Amino acid sequence: MDESLASAETAPSTVKFSAKGSRLVVGFENGSVTVYNFPSFSEICSFSEHSHSVVDVDTSESGKLAVSTSKSTCFVWDASSGKSVFEIKTKAKKAHIRSVAFTKSGLTASVGFIVAVENENKVGGFVSTWNESGDKKFFVKVMKEQITAMTISESERHVPSLASEHLWL
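Honestly, the nonpolar core in this entry has me stumped. Any pointers?
Counting residues in each nonpolar core, the largest one holds 11 residues, listed as V25, V33, V35, C45, F47, V54, V57, A66, F75, W77 and A79. Where this core is concerned, the elements lending two or more residues are β3 (33-37), β4 (43-47) and β7 (73-78). Leaving out residues up to four positions away in the same chain, A79 has contacts with R23, V35, I44, C45, G63, K64, L65 and A66. Residues C74, I88, I97 and V100 belong to the second largest nonpolar core, which totals nine residues.

This is the structure we're talking about:
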């Protein structure tokens, strides 16, 4: 199957399926994000608050919320309407949020937690979590190097992170 996003004004930069596989979330180089029904590719909504290329996207387990990041800003937004729920900004001037993901559940959060990887030049990589209200709950320095990728284990007990040639668990 070769589906083209020919109607897009800019090139796609990241893509993820929703947990149930019925939606496709696509981030674009112009800072916009679009949610499509899958496999029809009919547009559900669009979000365009980012001022830089979108580098990562994810949806909550329920599919009601989406998270997207570009450079130093991360947005959590309604995946049906495209309306912003809250915004997360890095505090350091040279920090960038590289990866974002929702956990499947949380002890007190109905949609789980948002996990983000923050990289700061010459300082290293950090993993942070926020609840669905935008309150930061956890922050830990992981590596002296900048983190290039991360994922969350099925048990949600591990957040493997990659930096250069190193894997941190």
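Would you explain unusual backbone geometry in this entry?
Only a minority of non-glycine residues have a phi that is not negative, and only a minority of peptide bonds are not trans. Cis geometry marks the peptide bond from F38 to P39; its omega dihedral reads 15 degrees. As for its position among the elements, P39 is in the loop between β3 and β4.

Looking at this model, I keep getting lost on the side chain of T14. Mind explaining?
Relative to the elements of secondary structure, T14 occurs in strand β1 (residues 12-17). Owing to a relative accessible area of 13%, T14 belongs among the buried residues under this scheme.

Whenever I open this one, the pairing of strand β5 (residues 56-59) confuses me. Can you help?
Looking down a regular strand, the side chains alternate between one sheet face and the other. Here β5 shows a buried face lined by D56 and D58 and a second buried face lined by V57 and T59. Of the pairings in the sheet, the one linking β5 to strand β6 (residues 65-70) comprises four bridges and is antiparallel in character. By the bridge assignment, D58 is partnered in β6 with V67. Hairpin connection, β5 to β6: the antiparallel pair is bridged by five residues, and G63 has positive phi, about 85 degrees.

About the criteria used
- Residues numbered from 1 in each chain as written.
- Predicted model: local features only at pLDDT ≥ 70, side-chain atom pairs only at ≥ 80, totals over all residues.
- Heavy atoms only, no water.
- Core = buried A, V, L, I, M, F, W, Y, C linked by side-chain atoms within 4.5 Å.
- Buried < 20%, exposed > 50% of the residue type's maximum accessible area, 1.4 Å probe, protein only.
- Helix = DSSP H or I, 4+ residues; strand = E, 2+ residues; numbered from the N terminus.
- Contact = heavy atoms within 4.5 Å.
- Pairing = 2+ DSSP bridges.

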